[in-house]
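Chain by chain, the residues run as shown.
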Amino acid sequence: MPLIIAHRGASGYLPEHTLPAKAMAHAMGADYIEQDIVATRDDELVVLHDIRLDRVTDVATKFPGRRRDDDRYYARDFDLVELRTLNAWERMNADGSAVYAQRYPAQTGHFRVHTLAEEIELIQKLNNATRRQTGIYPEIKRPAWHREQGVDIAPLLLTQLAQYGYRNHDDPVFVQCFDDAELRYLREDLGCPLKLVQLIGENQWQEADTDYRILRTADGLKQVAATADAIGPWLSHLYAVGHDGENNVATGLTQMAHDLGLAVHPYTFRSDDLPAGFTTFDELVLFFALELGVDALFTDFPDTARQILKDGRV
Ligand code: CA
């Protein structure tokens, strides 16, 4: 059965990357829980999907005047003690409306921004209490940008992970990044022994200077395999909609990666935002598990995805 990775926690139900969403994902039996990592002004590692705060917190109300010239608020411009005063909200659009209308309502609730250390402690305590081993899946967000802002996240992250017992390749942790140079830096310069995941997006997303069109070729994947243990492609990289609009077909990327020894962990499986070519969440999950044979699923709905895999006898 593919591993279930709780994408930003059980984010289909509670605001992304809040501790309650992480506890819920644990209770739902996620195999891994994701943490997106950004750095504060005082070099603390906090769990936030984005380097910016304004669409997931009430920062604009609490700290008017702390925006940059682009009218956005950046976590890097705030000390941890300041971030702790914010309400963390379900993701919203620029106009304040919810990105996902059926989820926890935007601009409501009493949730907080938290540190990576706090989240690891929560997961480890829940692991002890439930006698289950849920792993962690941290992503270094925008490493090159952070370096320009005066902080190098990778060594800070590795030190913290080691403090919490994540030191060896077999430990229950995957470190992910969109930036291929960062993965080589982790492996070659910092001697990181942990499992590494190369995220693959679209060049126009501007997540990194990485050329994803090249990474998705045989030669590109060979380069990735020299450093990483897995790829995290966008799910639309792995299939094409059939001519009849129904019979979806594999692009071959999963097979190519498997042939090179790379596991395949696509993102993001959302029952309220189905990709082209699928009419139900069951169909989507089972196609990726059975037809493509992926090794893990990033999902906002860990419980539903798990149940579909069970019912489908995957
Ligand atoms: Ca992420």
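The structure presented is a predicted model; accordingly, all values stated were derived computationally and were not measured.

Further remarks concern the overall build of the protein. Along its length, the protein carries 12 helices and 11 strands. Its C-alpha atoms give the protein a radius of gyration of 19 Å, near enough to 20 Å, the size a compact globule of 314 residues would have. Overall, the C-alpha framework of the protein stretches about 55 × 45 × 45 Å when taken along its three principal axes. With 314 residues in all, the protein has 54% of them scored as buried. Across the protein, contacts joining residues at least 24 apart in sequence account for 69% of those joining residues at least 6 apart. On the protein, the mean spot of the 32 positive side-chain charges and the mean spot of the 49 negative ones are 4 Å from each other.

The next point concerns the coordination of the calcium ion. Protein coordination at the calcium ion: the donors are Glu34 (OE), Asp36 (OD), Asp36 (OD) and Glu139 (OE), at 2.2 to 3.1 Å from the metal. On the primary sequence, the residues serving as donors to the calcium ion are separated as E-x1-D-x102-E. Note that glutamate 34 is positioned in strand E2 (residues 32-39) and glutamate 139 in strand E4 (residues 135-140), a separation of 105 residues in sequence. Residue glutamate 139 is classed as buried on the basis of its relative accessible area, which comes to 4%.

Okay, the side chain of threonine 254 next. Mapped onto the elements of the fold, threonine 254 is located in helix H10 (residues 253-259). Given a relative accessible area of 5%, threonine 254 falls into the buried group. In contact with threonine 254, other than residues within four places in its own chain, are Leu238, Val264, Leu292, Gly293 and Val294.

According to the stated counting rule, one finds 20 aromatic pairs in the structure shown. Taken together, a centroid distance of 5.1 Å and an interplanar angle of 70 degrees make the contact between tryptophan 205 and tryptophan 234 edge-to-face. Here tryptophan 234 lies in the loop between strand E7 (230-233) and strand E8 (239-240) and tryptophan 205 lies in the loop between strand E6 (195-200) and helix H8 (212-215), a separation of 29 residues in the sequence. Plain terms: the ring middles of tyrosine 239 and phenylalanine 287 are 6.2 Å apart, the flat faces sit at 75 degrees to each other, and that makes the pair edge-to-face. Residue tyrosine 239 is located in strand E8, and its partner phenylalanine 287 is located in helix H11 (residues 281-292); the two are separated by 48 residues in the primary sequence. Pair check on accessibility: tyrosine 239 and phenylalanine 287 agree, each one buried. Through a chain of ring-to-ring contacts, the aromatic side chains of Tyr32, Tyr137, Phe174, Phe178, Tyr212, Tyr267 and Phe298 assemble into a single cluster. Arginine 147 extends its terminal NZ or CZ atom over the ring of tyrosine 185, reaching a point 5.3 Å from the ring centre. Between the NZ or CZ atom of lysine 195 and the centre of the ring of phenylalanine 174, over which it lies, the distance is 5.1 Å.

The next subject is the environment of tyrosine 164. As for its placement among the helices and strands, tyrosine 164 is situated in the loop between helix H6 (153-163) and strand E5 (174-177). Using a relative accessible area of 22% as the deciding quantity, one classes tyrosine 164 as partly exposed. The sequence separation of tyrosine 164 and tryptophan 145 amounts to 19 residues, and the corresponding C-alpha distance is 27 Å. The residues contacting tyrosine 164, other than those within four sequence positions of it, are Ala117, Ile120, Glu121 and Gln124.

Rules and cut-offs
Residues numbered from 1 in each chain as written. Predicted model: local features only at pLDDT ≥ 70, side-chain atom pairs only at ≥ 80, totals over all residues. Heavy atoms only, no water. Helix = DSSP H or I, 4+ residues; strand = E, 2+ residues; numbered from the N terminus. Rg over C-alpha atoms; globule rule 2.2 N^0.38 Å. Buried < 20%, exposed > 50% of the residue type's maximum accessible area, 1.4 Å probe, protein only. Contact = heavy atoms within 4.5 Å. Lys, Arg positive; Asp, Glu negative; His and termini not counted. Charge placed at Lys NZ, Arg CZ, Asp CG, Glu CD. Donors = N, O, S within 2.8 Å, 3.2 Å for Na, K, Ca; no water. Phe/Tyr/Trp six-rings, centres within 6.5 Å; stacked < 30°, edge-to-face > 60°. Lys NZ or Arg CZ within 6 Å of the ring centre and 35° of its normal.

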